[in-house]
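# Architecture at a glance
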Amino acid sequence: MFRKFKKFQTSLVVGTLLAKRQITRGNFWINVLIIGIMTLTFLSLVVISGILVGLLEGSFQANRERYSGDVFISTLADESSIQSTGMIQSTLESLPIVQDFTVRYKSGATIEANYRERRDFSALPNSVGVNIVGIDPEREESVTGLSESLVEGQMLESDESGYILLGSTFIRRYSNFSDLFEPLDEVYPGDRVKVSVTGKGLTFSSDLSGDSTASSNTQEFIVKGIVKSKVDEVSLAAFVTESDYRRLTGDTSLNAQEIAIKKADGYEDQYVKQVLVSYGFSNLAKIQTAAEAIPKFLDDIKQTFSILGTAIGGIGLVVSAITIFIVIYINALTRRKFIGILKGIGISGTAIEIAYVLQSVFYVLIGSLIGALIVYGLLVPVIAANPIDFPFSDGILVADPLPTFNRFLILFFVTVIAGYLPARLIVKKNTLDSILQR
Amino acid sequence: MAIISVKNLIKTYGNGEVETKVLRGLNLEINSGEFVAIMGKSGAGKSTLLYQISLLDRPTDGQVIVDGVDILALDEDERTDFRLKHLGYIFQDYALVPELNAIENVIIPLLMEGIPEDEAKKRGMESLKELGLDGKANNRPNQLSGGEQQRVSIARAIVQNPQILFADEPTANLDSMSSAAVIESLKRLHEKGQTIVMVTHEEEYTVDCDKVIYLIDGQVAEERIKQKPLK
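Rules and cut-offs
Residues numbered from 1 in each chain as written. Chains lettered and ligands numbered in written order. Predicted model: local features only at pLDDT ≥ 70, side-chain atom pairs only at ≥ 80, totals over all residues. Helix = DSSP H or I, 4+ residues; strand = E, 2+ residues; numbered from the N terminus. Rg over C-alpha atoms; globule rule 2.2 N^0.38 Å. Buried ≥ 20, exposed ≤ 12 C-beta atoms within 10 Å, placed from the backbone. Contact = placed C-beta atoms within 7 Å. Domains from an automatic or database assignment. Expected span 1.5 Å × (residues − 1). Pairing = 2+ DSSP bridges. Axes fitted to C-alpha atoms, helices over the stretch in contact; angles between N-to-C directions. Nonpolar A, V, L, I, M, F, W, Y, C, P; charged D, E, K, R; others polar. Core = buried A, V, L, I, M, F, W, Y, C linked by C-beta atoms within 7 Å. pLDDT = per-residue confidence, 0-100. Arc of directions from axis to C-beta. Parallel < 35°, antiparallel > 145°, perpendicular 65-115°, else oblique. Left-handed = near helix turned anticlockwise from the far one by under 90°.

### A look at the overall build of chain B
Across its full length, chain B holds 6 helices and 10 strands. For a compact globule of 231 residues, the expected C-alpha radius of gyration is about 17 Å, and chain B comes in at 18 Å, within 12% of that figure. The dimensions of chain B, computed from C-alpha atoms along their principal axes, are 50 × 40 × 40 Å. Counting over 231 residues, chain B shows a buried share of 49%. Across chain B, the fraction of contacts at a sequence separation of at least 24, relative to all contacts at a separation of at least 6, is 68%.

The following block contains the structure:
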């Protein structure tokens, strides 16, 4: 046993010397080629799946940043509003784990545009059904940065009245859904639109001109801006100030439909949620972290994309393994005579195999290191700063360290095997046949 | 005392209809400390004999005892180990590892024996010095002349003091001056008691040999033993 260990130890010493010399004094361009292959394989393993996952992760991230916040409070399934919203608001104001929050009041509404130019009253009005959302513009800005979604016009001000922000999906020039519904034509900031609210039992209507009728629930607004976002809840909504919302809907209840919370730095989403649950708020509303607020089917798609990415990367891995095998096999084959001579003078086959395995280890480590530098030093920050413009999300590159390390381990294992096998094949050949190259 | 004993050695290449019998029941004995030359025409089986008795190849039949060990009974790993500990080789084309410099080529068998690198280097330098190459220790094979490469090869072969040194046409690729230097080196080793078995075509390099074995068609045709001068 000790002799075997001693023999392995000396084989390791000799194998290390041979590997070191073959790398440092061998053909430079073969080293570059193999390391290049390893780097590309690493990238294909990490980046393809990272982009596919990032496609949805970008959407999730946008949802968190632009809509749900870190923790999202919404109505219970059998309720139309968050019970005791005022009490929840007071508590949130007092909690140090909450940086800020925004309360939203929502109702279904119809927006009609271009009605002043309408001449043919037998034709359908140019109108769309929307979610009208009453907000405190300052708090909404603080939590979701709504103004960053503006593509035209300006943000609402808290102290003004009669203005509305329209989601871009309802405007023909921005809409991708004009085959599904008839969007509003040619609406620009400064134009007037009529907003009609249903289902709130309103008994009045007014517009900026002062006209009002007791039987109507319609109000005229001036379009202040158009918001465009890949988060549907933003681009499929119309925003007005909370006070305008109340005037429009006649809703005097203080109970809101949504509260989006931005947590203070240093706290986990789950912790913030647990604190809110501990106050008993889960009996009054549905409390979810941003991740929980994502529909399950989207999370399933994310997992599917991850598997798909790994499978595509796996093909790259197989191609790479075959390439490494061929390169090392040819390398070993051309050195067959020297392998034979080494065996002839008493160098063990194990030492020669170790030399090739160590070379493979070197190639995979350097290739992966370069790959990791490219991923974490270049691709992740650059794509985060300039997300890939996919139709339904701003894709980022997701390269979490643990899955990346697992992929590296797979690459490492496959490469070492691909390096060992050809060496083993050559070492096992007859010593004299190797020396005489026959 | 015989350090190599060969009885009825047969080596056949190929099989069936294309079978070629290279060694045909060959017998010989080589004593410890002898400098033996094996000669013969091309195809006589000189190199084949050397490969069988130096454990680089496996005989088809017969018995080969080297340093008291029946080498046919050894498995591949044991044969490699035996070569490392008991035998040294000088090949026709030097057979140095191109990525290793002279000293690294010389010490690699010592490292394989488990000798620490510092001690191995010390011994390697002594071997190179003995062959007049101590100034070229850090040169790689492509930075050495053919004669120098062959002397590095000799340094590698003798560095672990092998019982037997095998040389397969060590001067075949060298000019006359380099050849003379290599033969001189072998002669000096022999004078120190080294057993040497050398395959050669050239009669002039056998003058210092104790025994010259002539092969014809895979058998010993003549064994010429040099008369040692009376002391």
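Now, onward.
### Here we look at the overall build of chain A
A count of helical and extended segments in chain A gives 12 helices and 12 strands. For 438 residues, the compact-globule formula gives about 22 Å, and the C-alpha radius of gyration of chain A, at 33 Å, lies well above that figure. If one aligns the C-alpha atoms of chain A with their principal axes, the spans along those axes are about 110 × 55 × 30 Å. Of all 438 residues assigned to chain A, the portion counted as buried reaches 44%.

### Quick notes on the domain arrangement of chain A
What the domain assignment lists for chain A is domain 1 (2-62 + 298-436) and domain 2 (70-289). Here domain 1 of chain A and domain 2 of chain A have C-alpha centroids that lie 53 Å from each other.

### Examining helix H11 (residues 401-427) of chain A
For H11 of chain A, which comprises 27 residues, the first-to-last C-alpha distance of 38 Å matches the rise-based estimate of 39 Å (1.5 Å per residue) to within 8%. Buried-residue contacts for H11 of chain A involve helix H2 (28-68), helix H8 (296-334), helix H9 (336-344) and helix H10 (349-385) of chain A.

### What to know about the sheet that holds strand E2 (residues 20-31) of chain B
All names here are of chain B. Strand order across the open sheet formed by 4 strands is E2-E1-E4-E5, with antiparallel pairing between neighbours. In the strand order of this sheet, the two ends are held by E2 and strand E5 (69-70), each with one partner. In this sheet, E2 lies alongside strand E1 (residues 2-13) in antiparallel orientation, the contact comprising 9 bridges. From the neighbouring strand, Leu-9 faces E2, where its bridge partner is Leu-26.

### Some points on the sheet that holds strand E10 (residues 219-225) of chain B
Residue and element names in this part refer to chain B. Strand order in the open sheet formed by 6 strands is E6-E7-E8-E3-E9-E10, and the pairing between neighbours is mixed. Unpaired on one side and paired on the other, strand E6 (87-90) and E10 mark the two borders of the sheet. Neighbour to neighbour, the strand axes of the sheet diverge by 20° on average, direction disregarded.

### Comments concerning the interface of chain A and chain B
Of the residues lining the interface, 21 residues belong to chain A; the matching set on chain B comes to 21 residues. Looking at the side of chain A that touches chain B, the elements that each hand over two or more residues are helix H1 (2-25), H9 and helix H12 (431-436) of chain A. For the side of chain A that touches chain B, the element with the highest residue contribution is H1 of chain A, accounting for 8 residues. Residues of the side of chain A that touches chain B, tallied by class, amount to 10 nonpolar, 7 polar and 4 charged.

### Brief notes about the nonpolar core
One finds Ile-38 and Leu-111 of chain B to be the most contacted residues of the largest nonpolar core, which totals 124 residues. By residue number, the principal contributor to this core is H2 of chain A, which donates 15 residues. Beyond its immediate stretch of four places on either side in the chain, Leu-111 of chain B contacts Thr-10, Val-13, Val-14 and Leu-17 of chain A together with Glu-117 and Ala-120 of chain B. Residues Val-98, Val-234, Ala-260 and Ala-290 of chain A belong to the second largest nonpolar core, which totals 59 residues.

### Observations concerning the confidence of the model for chain B
Residues and elements named next belong to chain B. Of all residues in chain B, 97% have pLDDT values of 70 or greater, and the mean over the chain is 89. Within chain B, helix H6 (residues 176-191) has the poorest average pLDDT of any element, 86, and helix H3 (residues 102-112) the best, 94. As scored by the predictor, the complex reaches a pTM of 0.73 and an ipTM of 0.87.

### Structural notes on helix H3 (residues 85-94) of chain A
All names here are of chain A. Here H3 has its buried residues at Thr-85, Ile-88 and Leu-92. Considered in projection along H3, the buried side chains sweep an arc of 65° and stay on one side of the axis. Exposed side of H3, more than 90 degrees from the buried face: Gly-86, Ser-90, Glu-93 and Ser-94 are the residues found there. Against strand E1 (71-74), strand E2 (98-113) and strand E9 (258-263) lie the buried residues of H3.

### Here's the deal with the packing of H3 of chain B against helix H4 (residues 117-130) of chain B
Residues and elements named next belong to chain B. Put simply, H3 and H4 touch, their axes get as near as 9 Å, and they point 125° apart. Classified by the angle their axes make, H3 and H4 are oblique. For H3 against H4, the interelement crossing comes out right-handed. Residues Ala-102, Ile-103, Val-106, Ile-107, Leu-110 and Leu-111 of H3 form the contact with H4, whose own contacting residues are Glu-117, Ala-120, Lys-121, Arg-123, Gly-124, Met-125, Ser-127 and Leu-128. Residues that form the contact of H3 with H4 fall into these classes: 9 nonpolar, 2 polar and 3 charged.

### What to know about the packing of H2 of chain A against H11 of chain A
Residues and elements named next belong to chain A. As a packed pair, H2 and H11 sit with axes 10 Å apart at the nearest point and diverge in direction by 140°. As summarised for this structure, H2 and H11 are arranged oblique, according to the angle between their axes. Considering the relative orientation of H2 and H11, their crossing is right-handed. Where H2 approaches H11, its residues Met-38, Thr-41, Phe-42, Leu-45 and Val-46 are matched on the opposing element by Thr-404, Arg-407, Phe-408, Leu-411 and Thr-415. Looking at the contact of H2 with H11 residue by residue, the class counts come to 6 nonpolar, 3 polar and 1 charged.

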